[in-house]
Amino acid sequence: MNETILETIARLPSKPEAKLKYLPGETGFPLFGHTFQFLGNATKLMTRLAKQYGSVFYYNVLFNRSIVLADADAASLVLIDKAQNFSNGKGWYRMAPLFDEGILLRDFDHHKTHRRTLQQSFKSSSMTAYAERLNSLISKDISFWKDAPEFLFAPKIKTLLLDNAASLFLGAELGLESDKLNTSFVDLLGGLLAVFRTKIPGTAWHKSTQGKAYLQDWLYARVDERMAPETTNEAEDFFTSLCRESLNPEHPMSIDEVVEHTLLLLFAAHDTTTGTLSAIISLLCEHPEWQEKLRAEMQGIDAETLPFSRLGELTFTDWVFKEALRLYPPVFLIPRRAVKAFEYKGHKIPANSAIHLHVYLIHRSEAYWTAPNTFDPERFSPAREEHKGHRFQWIPFGAGAHTCLGIRFAETQVKTFLFHFLRNYRVETKLGRDTTMRTVPIPVPKDELPVTVYPL
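I will try to describe carefully the structure that is included in this document. The structure displayed is predicted, hence computed values, not measured ones.

With respect to the overall build of the protein chain
- What the protein chain contains, in helices and strands, is 17 helices and 12 strands.
- Taken over C-alpha atoms, the radius of gyration comes to 22 Å for the protein chain, in line with the 23 Å a tight globule of 456 residues would show.
- Considering the protein chain as a whole, with its 456 residues, one finds that 57% of them fall into the buried category.
- In the protein chain, of all internal contacts separated by at least 6 residues, the share reaching a separation of at least 24 is 71%.
- Of note, the protein chain has its 52 positive side-chain charges centred 7 Å away from the centre of its 53 negative side-chain charges.

Here you go:
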């Protein structure tokens, strides 16, 4: 789909029923607003706006004037949404051309029906099987890292996680296809923030649509074999399970829906975890004392693999995992769109307003956290439990009906990787490197995290 700027604006969900200038905030530059500031350094922009205007303000990004809500009470209101007033699908409208039938774009009862089916792939028995397979895949993959000990961690872990996700979710070993699929995912993600949505070759939007087409074709080409009785009766992977479930009259799904659900969850399973593990490794390089604490904890597990049932034994690892998610949440902000007008903290918010629940600002707020910009995993310890001050002050996976489906999968993937990695390697990065993290669309070190690993 080719779009001029005016066509992009026209395609937006309905505009707010009232101007927002009576609210705190600013419109930014003509037409583009804060778009280029947001794409260039979102954390700097949002930190400035919050400092200037507080926890409720409007700004203008990607041709859309949006209202930021940046406190835990707002998170409770928007995410629990008892009145069903905050549309998830219209909030994520920029993803609509890329994930048409995906679970992320569904609302209320329609969302609930599909989510119930998808949750079957993340029940305890499935997670136990996933964990067993992850141990095998990860230990094998990282055993070769000693042969080339200097590399960029972010792209390296991204490839590893994509291969893992393909094995678990698609029942496929990618081999030579891995690079092409990985590139397609990168291109697809790049389209989410494309300012100009035109299919002119070389543009971000063109690459994004091409990437999606390749991924869709790859999945569609495998549907028939996954529908075959001899395949579906024995399959344990997510894609085959969904293909089989589409034939269930109690939970009918079209093949298009199966493909879109699979594509979205495959993307989430490896791309967001790439950001989390990159953040963790960067932090462990900056704080080697915590790297040693985690290594000692891993070595205290008297087994060569980490079963799903033993994840809870990794106490220090859990604190670091949670602190990395606080500092660098996988989703910088959670978009919604108000169905009806509502009032929040004395501010009248009109119907059809774009709402940005700002996870990053809540996670960095002095109202909830001691020294919020400091890496301090012990804030999650039983002695402090800082995260329990307000139920919605730590929301890296969202909350309510749209809570991330893959919470336990993400935890399993991260801890299993750290278990094998830290028991086999000590990791360092360059002294004096720029530790800046790009936070949108997902958190990744701007320099892609150059590391050196030393076999133990």
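Now that the structure is up, let's keep going.
What to know about the pattern of salt bridges
- Across all of its chains, the model carries 20 salt bridges by this definition.
- Between Arg423 and Glu304 there is a salt bridge, with the nearest N and O atoms lying 3.9 Å from each other. Pair noted here: Arg423 is in helix H17 (residues 407–424) and Glu304 is in the loop between helix H14 (288–299) and helix H15 (315–327), with a separation of 119 residues, a long-range link.
- We note a salt bridge from Arg384 to Asp376, for which the minimum N-O separation is 2.9 Å.
- For Arg384, a relative accessible area of 35% gives the class partly exposed.
- Linked by salt bridges that have partners in common, Glu323, Arg326, Asp376, Arg379, Arg384 and Glu386 make up one network.

Overview of the environment of Phe332
- By the element assignment, Phe332 lies in the loop between H15 and strand S5 (334–338).
- Measuring from C-alpha to C-alpha, the distance between Phe332 and Ala42 comes to 9.0 Å, with 290 residues separating the pair along the chain.
- The residues touching Phe332, leaving out its near neighbours within four places in the chain, are Phe38, Ala42, Thr43, Met46, His358, Val359, Tyr360, Thr439 and Val440.

Quick word on unusual backbone geometry
- Non-glycine residue Asn352 carries a positive phi angle of around 70°.
- Tracing the backbone through its elements, the reader meets Asn352 in the loop between strand S7 (347–349) and strand S8 (354–357).
- Judged by relative accessible area, Asn352 falls into the buried class, the value being 19%.
- Positive phi outside glycine occurs at Glu448, with the angle close to 65°.
- Here Glu448 shows up in the loop between strand S11 (444–445) and strand S12 (450–455).
- Using a relative accessible area of 34% as the deciding quantity, one classes Glu448 as partly exposed.

Looking at the sheet that holds strand S1 (residues 56–61)
- The five strands are arranged S1-S2-S8-S5-S3 in an open sheet whose pairing can be described as mixed. Two strands in the sheet have a free side with no partner beyond their single neighbour: S1 and strand S3 (86–87).
- This element, helix H2 (residues 35–53), spans S1 and strand S2 (64–69) of the sheet and lies at about 160° to S1.

Some points on H17
- Look at H17: 26 Å from first C-alpha to last across 18 residues, which is about the 26 Å you get at 1.5 Å a residue.
- Burial analysis of H17 places 14 of its 18 residues in the buried class, the great majority of the element.

Each value, and the rule that gives it
- Each residue is numbered by its place in its chain's sequence as written, counting from 1.
- Reporting of local features is limited, given that this is a predicted model, to residues whose pLDDT is at least 70; pairs of side-chain atoms are given and counted only at 80 or more, and all residues count toward the totals for whole chains, interfaces and linings.
- Hydrogens and waters are ignored; side-chain quantities use all the structure's heavy atoms.
- Comment: elements are numbered from the N terminus, with helices defined as DSSP H or I runs of at least four residues and strands as E runs of at least two.
- Just to be clear, the radius of gyration here is over C-alpha atoms, and the globule rule we use is 2.2 Å times residues to the power 0.38.
- Exposed residues in this analysis have more than 50% of their type's maximum accessible area, buried residues have under 20%, and partly exposed residues fall in between, with area computed by a 1.4 Å probe over protein chains only.
- Residue contacts are defined here by distance: any two heavy atoms, one from each residue, within 4.5 Å place the two residues in contact.
- In this tally, Lys and Arg are treated as positive and Asp and Glu as negative; His is ignored, and so are the chain termini.
- By convention, charge coordinates are those of NZ in Lys, CZ in Arg, CG in Asp, or CD in Glu.
- Each reported salt bridge corresponds to a side-chain nitrogen of Lys or Arg within 4 Å of a carboxyl oxygen of Asp or Glu.
- DSSP bridges decide pairing: two strands pair if at least two such bridges lie between them.
- Under this scheme, a helix contributes an axis fitted over its contacting stretch, all axes are lines through C-alpha atoms, and angles between N-to-C directions fall in the 0 to 180 degree range.
- Under the convention used throughout, the expected extent of a helix is 1.5 Å for every residue step, that is, one less than its residue count.

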